[in-house]
Each structure stands twice: as structure tokens, then as C-alpha cells.
Amino acid sequence: MKYSIIIPIYNEENNIQQTIQKISTVLNKSKIIYEVIFVDDDSKDNSLKVFNRYRTKKTKFLVRKDKPRDLSKSVVYGFNRAKYDNFIVMDGDLQHSSIDLIKLLSCFKTNSHDIVMGSRNMVNHKKVNLNPLRFHISNLLNTITNFLFDLKLKDPMSGFFIIKKKIYLKSKKKLFLIGYKILLDIIVSHSTKLKIKEVYIDFKSRDKGFSKMRLKIFLQLIYFLIIKYLKLKLASKVKVNL
């Protein structure tokens with residue numbers, strides 16, 4: 001199997017070196033065929049300069065200049081330029097570890113899943129390195145999401161996953177493409193039930209830079225959930241009437 005790793009970034013100059021080195025070390029050791037595509041959302045720092053200093057033959061740096069800045073749009077920008085048939089999406093801030101990447105790959109290679117996702121073990125806020133308020137909000141959103149879309153996922157908000165290219169292509173035209181939850185967007189946009197496997201990961205706290213979780217992102221998520229739910233309900237009514 002061959003993999004295109006899509007890493008959306010914005011002002012991540014402090015984390016690019018380690019991201020490249022950690023991924024390269026574990027994947028080269030495992031003799032996995034891959035490419036790493038950083039999709040930069042028109043950063044204002046020295047991300048490109050740092051990348052050029054530590055780039056390898058298997059890394060690429062793409063700049064998405066279209067506005068507004070948006071993680072989902074950046075991920076899809078990378079998908080559309082990837083050369084392999086399996087996509088991996090992970091953060092560029094080191095919160096997703098290369099060790100967990102190997103865990104996801106092992107599960108994906110040995111099973112016939114459409115998606116393998118890295119899920120946080122939402123037992124308590126310390127376990128997942130979140131402050132108490134964000135932990136409880138995340139749990140509430142997970143519960144609401146599962147209820148609205150008839151899912152049984154432990155962490156439907158995950159941004160760390162492996163997906164077959166063909167699954168993305170079948171969902172592509174229906175994607176909402178606003179906000180940070182591109183995986184959930186793909187899952188609820190797909191016309192048939194997907195084979196999804198969750199693997200617990202060790203979600204890291206951010207060492208450098210600033211978290212991008214803001215009120216705007218939260219409101220975008222609520223908007224996304226409402227619109228996608230209403231569209232699905234409308235589509236189901238149309239099918240019944242037909």
C-alpha cells in the first residue's frame with residue numbers, strides 16, 4: 001500500500017522540522033511508500049523557509065492562497081494533488097504522534113476498513129490533555145453528533161485518520177468544507193454506510209505555537225451540524241416521496 005499524508009498547517013514554523021523528522025523516521029524504518037504534503041494556509045511566519053531547510057525527497061509544500069483560511073479546504077486541496085490511493089490526515093502541531101501513526105497503519109493494512117481513525121480516549125480531561133471546559137464541550141458535541149447522524153463513534157471529531165481515496169471521491173461533491181471536522185464531513189456526506197475502525201491514540205498537548213480552537217471554530221461546527229442534519233433529512237424525504 002502507498003500513502004499520501006496530508007498535513008494542513010498555518011504558522012507552524014516551530015513544528016515543521018520535528019514533524020518531518022518524526023514521520024520520516026518511523027515510516028522509512030517500516031519501509032512504507034509514502035509522500036508528505038504540507039498544505040499551508042498562506043502562513044505569515046517562516047514556515048516555507050523552515051520546510052526548505054528540512055525537506056526530503058518525499059515531502060512537498062503547497063500554499064493555498066484562497067480565502068477564507070480553512071482547514072477542511074486545505075485538506076481537500078491536498079487530496080486533489082495527492083498521487084497515492086490512500087490518504088492520511090494528521091495535524092502539523094505534534095499533537096498526533098508518529099507512534100500512533102504506525103498503529104493506524106497496522107490496522108488499516110490488515111483489515112478491509114474504509115476508514116481507520118485515531119480516537120481520543122475521552123475518560124477525563126487529563127487523559128486527553130484538554131482543559132476541563134473543552135473536555136466537557138467535546139464530550140457533549142460527540143454525543144450530539146452520534147445522535148443526529150446515527151453514528152456510534154467514540155470520537156467523531158477526530159482529525160487524525162486514514163481513508164481510501166475512492167471514499168473521498170464518492171463524497172466530494174456533497175462536502176460542506178467549512179471548519180475543522182473534515183472526517184465527519186466525509187462520513188455524513190457518503191451515500192452508504194462506511195466500515196470505520198477507531199484506534200485509541202495518545203493525544204499530545206501542544207508544545208509550541210498556539211491552539212487554533214476559538215469561538216469562531218466552535219460556531220462553525222454548530223453551523224455544520226445543523227446544516228448537514230437538515231440536508232440529510234431533506235434528502236430522505238425526497239427519497240420517500242419518489
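Structure: see above.
Asks: Describe the overall build of the protein chain, with residues and values.
Replies: Counting its regular elements, the protein chain contains eight helices and seven strands. Against the 2.2 N^0.38 benchmark of 18 Å for 242 residues, the protein chain shows a C-alpha radius of gyration of 17 Å, consistent with a compact globule. By residue count, 49% of the 242 residues in the protein chain fall in the buried class. Of the contacts made within the protein chain by residues no fewer than 6 positions apart, 76% connect residues no fewer than 24 positions apart. For the protein chain, the accessible surface area stands at approximately 13000 Å², while carbon and sulfur atoms represent 56% of it. Charge-centre separation for the protein chain: the mean point of 48 positive side chains lies 5 Å from the mean point of 20 negative side chains.

Asks: Give a description of helix H5 (residues 132–148) that names residues and reports values.
Replies: With 17 residues, H5 ought to run about 24 Å at 1.5 Å a step, and its terminal C-alpha atoms sit 24 Å apart, in line with that. Of all the positions in H5, only Phe135, Ser138, Leu141, Asn142, Thr145 and Asn146 are classed as buried. All buried residues of H5 fall inside an arc of 130 degrees around its axis, so they share one side. What points out from H5, more than 90 degrees from its buried face, is the exposed set Leu133, His136, Leu140, Thr143 and Phe147. Its side-chain oxygen 3.1 Å from the backbone nitrogen of Leu133, Asn131 forms the N-cap of H5. Looking one or two places after H5, you find Asp150, whose phi comes out positive at around 55 degrees.

Parameters and conventions
- Residues numbered from 1 in each chain as written.
- Predicted model: local features only at pLDDT ≥ 70, side-chain atom pairs only at ≥ 80, totals over all residues.
- Heavy atoms only, no water.
- Helix = DSSP H or I, 4+ residues; strand = E, 2+ residues; numbered from the N terminus.
- Rg over C-alpha atoms; globule rule 2.2 N^0.38 Å.
- Buried < 20%, exposed > 50% of the residue type's maximum accessible area, 1.4 Å probe, protein only.
- Contact = heavy atoms within 4.5 Å.
- Areas by Shrake-Rupley, 256 points an atom, 1.4 Å probe, with all protein chains shown as cover.
- Lys, Arg positive; Asp, Glu negative; His and termini not counted.
- Charge placed at Lys NZ, Arg CZ, Asp CG, Glu CD.
- Expected span 1.5 Å × (residues − 1).
- Arc of directions from axis to C-beta.
- Polar contact = N/O pair within 3.5 Å; in protein donor to acceptor, adjacent residues only side chain to side chain.

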